[in-house]
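Observations on the three-dimensional arrangement
Single-letter residue listing:
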Amino acid sequence: MSGCFEDSVITLEDRGRPGGLVVACLSPSIPKMVLEIDYEEGYRPHQDSIDLLKTRLLQVCDKPEGITFEFSQVDFGKSNSLTADDIREMGSAFREHPPLAVEGELRWHVLFPEGTYQDDSVLGVAVDASTVALFGDSIEEAEPPIFARPSADEIEKAVLVHEIGHLLGLVNLVYQSPVDHEDPEHPGHSNNEDSVMYWAVETIGIAQFISGTLPNEFDQDDLNDLAGISDGTIEVKHQLYQT
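Let us look at the structure shown here. This is a predicted model, so every value here is computed, not measured. Per chain, residues are indexed from 1 in the order of the written sequence. In keeping with the predicted nature of the model, local features appear solely for residues at pLDDT of at least 70, side-chain atom pairs appear and are counted solely at 80 or more, and the whole-chain, interface and lining totals rest on all residues. By convention in this description, side-chain values take in all heavy atoms of the structure and omit both hydrogens and water.

**Digging into the nonpolar core**
Across soluble globular proteins, you tend to see nonpolar side chains buried next to one another. With 58 residues, the main nonpolar core has Val 22, Leu 35, Leu 57, Trp 108, Ile 164 and Leu 168 as its most contacted residues. Numbering goes from the N terminus for both helices and strands, where a helix is a DSSP run of H or I of at least four residues and a strand is a run of E of at least two. Broken down by element, this core gets its largest block of residues, 8 residues, from helix H5 (residues 152–167). Pairs of residues are marked as contacts when any of their non-hydrogen atoms sit within 4.5 Å. Those residues in contact with Leu 168 that lie beyond four places of it in its chain are Gly 19, Val 22, Cys 25, Val 60, Cys 61, Trp 108, Phe 218 and Leu 226. Among the nonpolar cores identified, the runner-up in size contains 14 residues, and Cys 4, Phe 76, Leu 82 and Ile 87 belong to it. Residues belong to one nonpolar core when they are buried, are Ala, Val, Leu, Ile, Met, Phe, Trp, Tyr or Cys, and are joined through side-chain atoms within 4.5 Å. The buried label goes to any residue with under 20% of its type's maximum accessible area, the exposed label to any with over 50%, and the partly exposed label to all in between, with areas taken from a 1.4 Å probe on protein chains only.

**Examining the pairing of strand S3 (residues 105–112)**
With 8 of 8 residues buried, S3 is to be regarded as a mostly interior element. Here S3 shows no split at all, with Glu 105, Arg 107, His 109 and Leu 111 on one side and Leu 106, Trp 108, Val 110 and Phe 112 on the other all buried. Whether two strands pair depends on DSSP finding at least two bridges between them. Sheet analysis places strand S1 (residues 32–39) next to S3, joined by 8 bridges and oriented parallel. Paired with Met 33 across the bridge in S3 is Leu 106. Of the strand pairs in this sheet, S3 and strand S5 (residues 131–134) are connected by 3 bridges, and their pairing is parallel. Bridging across to S5, Val 110 finds its partner in Val 132.

**Some words on the sheet that holds S1**
On the basis of which strands lie adjacent, the open sheet formed by 5 strands has the order S2-S1-S3-S5-S4 and mixed pairing. Sheet topology places strand S2 (67–73) and strand S4 (124–126) at the edges, where each strand pairs with a single neighbour. Each strand of the sheet is rotated relative to its neighbour by a mean of 20 degrees, with strand direction disregarded. Axis geometry follows a simple rule: fit a line to the C-alpha atoms, using only the stretch in contact for helices, then measure angles between N-to-C directions, giving values from 0 to 180 degrees. Its contacts with the sheet put H5 on S1, S3, S4 and S5, and the angle it makes with S5 is roughly 160 degrees.

**Points about the packing of aromatic side chains**
Under the pairing criterion, centres of Phe, Tyr and Trp rings, with the six-membered ring standing for Trp, must be within 6.5 Å; the plane angle then separates stacked pairs below 30 degrees from edge-to-face pairs above 60, leaving the rest tilted. The full count for this structure, using the stated rule, is 4 aromatic pairs. Taken together, a centroid distance of 6.5 Å and an interplanar angle of 25 degrees make the contact between Phe 69 and Phe 71 stacked. Ring centres of Tyr 198 and Trp 199 lie 5.7 Å apart, and the angle between their planes is 50 degrees; on these two criteria the pair is classed as tilted. One exposure class covers both Tyr 198 and Trp 199, and it is buried. By definition, being over a ring means that NZ of Lys or CZ of Arg is both within 6 Å of the ring centre and within 35 degrees of the ring normal. Over the ring of Phe 71 we find Arg 44, and its NZ or CZ is 4.3 Å from the ring centre.

**Description of the side chain of Thr 131**
Inspection of the secondary structure assignment puts Thr 131 in strand S5. Discounting chain neighbours no more than four positions away, the residues touching Thr 131 are Ile 87, His 109, Leu 111, Val 125, Ala 126 and Leu 167.

**What about the packing of helix H2 (residues 47–60) against H5?**
The interhelical angle for the contact between H2 and H5, taken along N-to-C directions, is 35 degrees, at an axis separation of 9 Å. When you trace H2 past H5, the crossing you get is right-handed. Only Asp 153, Glu 156, Lys 157, Leu 160, Val 161 and Ile 164 of H5 make contact with H2, whose side of the interface consists of Asp 48, Ser 49, Ile 50, Leu 52, Leu 53, Arg 56 and Leu 57. Crossing handedness is defined as follows: a turn of the near helix away from the far one that is anticlockwise and smaller than a right angle gives a left-handed crossing, while the clockwise case is right-handed.

**As for the state of the cysteines**
The criterion for a disulfide is a pair of cysteine sulfur atoms lying within 2.5 Å. For the coordinates displayed, the defined rule picks out 1 disulfide. Residue Cys 25 pairs covalently with Cys 61 via a disulfide, S to S 2.1 Å. Disulfide Cys 25-Cys 61: the torsion about the S-S bond is 75 degrees, which places it as right-handed. With Cys 25 in helix H1 (residues 22–26) and Cys 61 in the loop between H2 and S2, the pair connects residues that are 36 residues apart, well separated along the chain.

This is how it looks when you write it as structure tokens:
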């Protein structure tokens, strides 16, 4: 797998591709956003990660009625070597509602399962327009030796924002940026190591690539892309919702 997003053809239902609901997120015409957080026992995300994600989403998504989170501890019934199809099936089985089923709401789904992805170097993955998964076992393994940075908590924050960035279409998943900031060797990712969309944020070798503070913010090119999508100056494709 070349990246931490999956855009293969989905035949079970039209769940779209990562980035397929960016217009729905950016637009105030859907006034509320809900993120369903489903986690297995021992894998609940840290509150600091959730708080940071909300901050990053509020920076770009126009939601007059706010952004809220719903938490559920579940048993996904699967473990180890999870595939993109496994994640989609788990998402469909455990979500409260499809992303656009509730009037006035956009719903995205974040899964924290036990086990690892089929490529166990991957820390998180976006599998369709509304679903991402983070792999806590791999995130723990990615933490460097004691007293080194970044910590597992910091890695979780960065990976969570990174995967949600893919749901926002970053980088060039459903549009073409006027600025050359996509890494040609890692499609869908930034070439700027100070962006949370930098390619290395996806992998278990993250500590080997990034020293010091781990990036957990969208850089100015990322923000400009989203602003251009929002105001219509950047054409966007493959959308499940249009204003």
